[in-house]
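Examination of the molecular architecture
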Amino acid sequence: MPLSQQKSEPAPTLSSVTSVLTPIFDGIFTNIEAKDGAKVDNATYIQVHTACFKYLTARRRPHQRTSWDFSQVVEAVPCVLQPPTEEQIEDNARNHTLGADLYKFLDEYFSHKVLAIVSALATKDNKIDIMKHILQEFKWYQTNTRIIARMLAHLDRYYVFIVSQEGAGWLRRSDLDAELLGPNRSFYLSKAYKQKEEEHLVKWGYTKGPGIGISRDDALSSAQSASSPNRIIPLQQLALRRFRTEVVEPLIVNSSEMVQWVKSNLSVNQEELGEEEKMMVVDFRDMLHRVGVLETFIVS
């Protein structure tokens, strides 16, 4: 059949996409929490990738083919960037809306899973059991959400990365030095952005130089997870931020007994702890760093 006679598929809706994603994501949590070693097969990865990609790109206008005259390329240098057309502006706005809707769905999904962890805390009798439960659930939650973030890489690419470049990510124009930013400088590549990013990375333990301190990627992940809920951040960090806002921070605020246990064990000489408590402290420190809570915030 000629291309002109082929019927285009209707653009997918948010509800049609989430009806595909939700049972798959639920299956990931169920399988890993059951500790049966189940892995996501390639067909499922492709199914999620395809559903996400189609949703984010189906409403774009098709690009018209252009006949290139390469003899004009040399004459065109240096090139001048043309302002976007009205159609391109409309496409970008539409893609942002679609990406924002899917991003919101995923944030709410992570929140639902985290609240299930919180509800189970009511069955724990003492602070040690509570701590064990949180650390174990965090391990599975982090593993699950890492898989989901990889499956939805298109959302990071077509929405998160773009809006972050435009100044709506974990760092925004209002966070930066206006004099360094300048009126005509690219936000993402500006000296002001690099300077502010460096300040945050240092706060999270990053030091320049090979093999020194925490890696740049780990420090950046912590800084993003520590951001306020209205900031757009990569999906894995979005999941970690949810764990911070729904589990860790309420625990710090509402459970004086738990806070006292944490303070005493974080500040004590590790040699004075038993093996089990020592491992719990190590895991707790790692969890705090990953979800974006500075240890000094608790110990001080």
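Just above sits the structure.
Scanning the protein chain from terminus to terminus reveals 12 helices and 0 strands. Going from N to C terminus, the protein chain has its helices and strands arranged as α-α-α-α-α-α-α-α-α-α-α-α. Evaluated residue by residue, the protein chain yields a buried proportion of 38% over its 300 residues. Considering only contacts within the protein chain whose residues lie at least 6 apart along the sequence, 70% involve residues at least 24 apart. Put simply, the protein chain shows about 17,900 Å² of open surface, and 54% of that area lies on carbon and sulfur atoms.

Our next topic: the packing of helix 9 (residues 235–254) against helix 11 (residues 275–291). Following both chains from N to C, one finds helix 9 and helix 11 inclined at 115°, their axes separated by 8 Å at the closest point. Along the contact surface, helix 9 presents L240, F243, R244 and V248, while helix 11 presents M287, L288, R290 and V291.

Attention shifts here to the side chain of E197. In this structure, E197 sits in helix 7 (residues 191–203). Given the relative accessible area of 6%, E197 is considered buried. Polar side-chain contacts of E197 include one of 2.6 Å to the side chain of R216. Among residues more than four places away in sequence, those in contact with E197 are W170, L171, R216 and L220.

One finds F25, I148, L152, L235, F243 and M287 to be the most contacted residues of the largest nonpolar core, which totals 67 residues. If you tally residues by element for this core, the top one is helix 4 (residues 127–151), at 10 residues. Contacts of L235, omitting those with residues within four sequence positions, involve Y103, L106, F110, A149, L152, L155, D156 and V160.

Moving on, we get to helix 5 (residues 153–165). What sets the pattern is the α-helix's 3.6 residues per turn: residues three or four places apart point alike. Taking 1.5 Å per residue as the helical rise, helix 5 with its 13 residues ought to reach 18 Å, and the 17 Å between its terminal C-alpha atoms agrees with that figure. All of the buried residues along helix 5 are H154, L155, Y158, Y159, V160, V163 and S164. Of the residues flanking the end of helix 5, it is G167, one or two places downstream, whose phi is positive at about 105°.

Should the charged atoms of two oppositely charged side chains come close, the side chains can pair. Under the definition given, this model contains 8 salt bridges. R244 is the partner of E249 in a salt bridge, and the nearest nitrogen-oxygen pair spans 2.7 Å. Taken together, the shared-partner salt bridges connect D107, R242 and E246 into one network.

Let's shift gears to the environment of K132. Relative to the elements of secondary structure, K132 occurs in helix 4. Not counting residues within four places of it along the chain, the set of residues in contact with K132 comprises E276 and M280.

With that out of the way, let us pick up the packing of aromatic side chains. Evaluation of the coordinates by the stated rule reveals 9 aromatic pairs. Ring geometry for F110 against Y141: centres 6.4 Å apart, planes inclined by 75°, an arrangement best described as edge-to-face. Linking F110 in helix 3 (residues 86–120) with Y141 in helix 4, this pair joins segments that are 31 residues apart in sequence. Each member of the aromatic cluster is reached from another via a ring pair, and the members are F25, F29, F105, Y109, F110, F138, Y141 and F243. Between the NZ or CZ atom of K113 and the centre of the ring of F29, over which it lies, the distance is 5.1 Å. Note that K139 overlies the ring of W140, its terminal NZ or CZ placed 5.3 Å from the centroid.

Take the packing of helix 8 (residues 216–225) against helix 11 next. Running from N to C, helix 8 and helix 11 cross one another at 70°; their axes reach a closest spacing of 6 Å. Between helix 8 and helix 11, the angle falls in the class roughly perpendicular. In this structure, helix 8 uses D218, S222 and S225 to contact helix 11, whose residues at the interface are H289, R290 and V291. Considering only residue class, the contact of helix 8 with helix 11 consists of 1 nonpolar, 3 polar and 2 charged.

This part covers helix 9. In this model, helix 9 (20 residues) spans 28 Å end to end at C-alpha, consistent with the 28 Å of a helix rising 1.5 Å per residue. Of all the bends in helix 9, the largest measures some 40° and sits at R244. In terms of burial, helix 9 is a largely internal element, 14 of the 20 residues being buried.

Turning next to the environment of K139. The topology assignment puts K139 in helix 4. It is 8.7 Å that separates the C-alpha atoms of K139 and M287, two residues lying 148 residues apart in sequence.

So, about the environment of M151. One can find M151 in helix 4. A residue is classified by how much of its surface remains accessible, and M151, at 0% relative accessible area, is buried. Sequence separation between M151 and Q47 is 104 residues; the distance between their C-alpha atoms is 9.2 Å. Excluding anything up to four places from it in sequence, M151 contacts I24, F25, I28, V40, T44, Y45, V48 and H49.

Definitions and cut-offs
Residues numbered from 1 in each chain as written. Predicted model: local features only at pLDDT ≥ 70, side-chain atom pairs only at ≥ 80, totals over all residues. Heavy atoms only, no water. Helix = DSSP H or I, 4+ residues; strand = E, 2+ residues; numbered from the N terminus. Buried < 20%, exposed > 50% of the residue type's maximum accessible area, 1.4 Å probe, protein only. Contact = heavy atoms within 4.5 Å. Areas by Shrake-Rupley, 256 points an atom, 1.4 Å probe, with all protein chains shown as cover. Axes fitted to C-alpha atoms, helices over the stretch in contact; angles between N-to-C directions. Polar contact = N/O pair within 3.5 Å; in protein donor to acceptor, adjacent residues only side chain to side chain. Core = buried A, V, L, I, M, F, W, Y, C linked by side-chain atoms within 4.5 Å. Expected span 1.5 Å × (residues − 1). Salt bridge = Lys/Arg side-chain N within 4 Å of Asp/Glu carboxyl O. Phe/Tyr/Trp six-rings, centres within 6.5 Å; stacked < 30°, edge-to-face > 60°. Lys NZ or Arg CZ within 6 Å of the ring centre and 35° of its normal. Parallel < 35°, antiparallel > 145°, perpendicular 65-115°, else oblique. Nonpolar A, V, L, I, M, F, W, Y, C, P; charged D, E, K, R; others polar. Bend = angle between axes of the 7 residues up to and from the residue.

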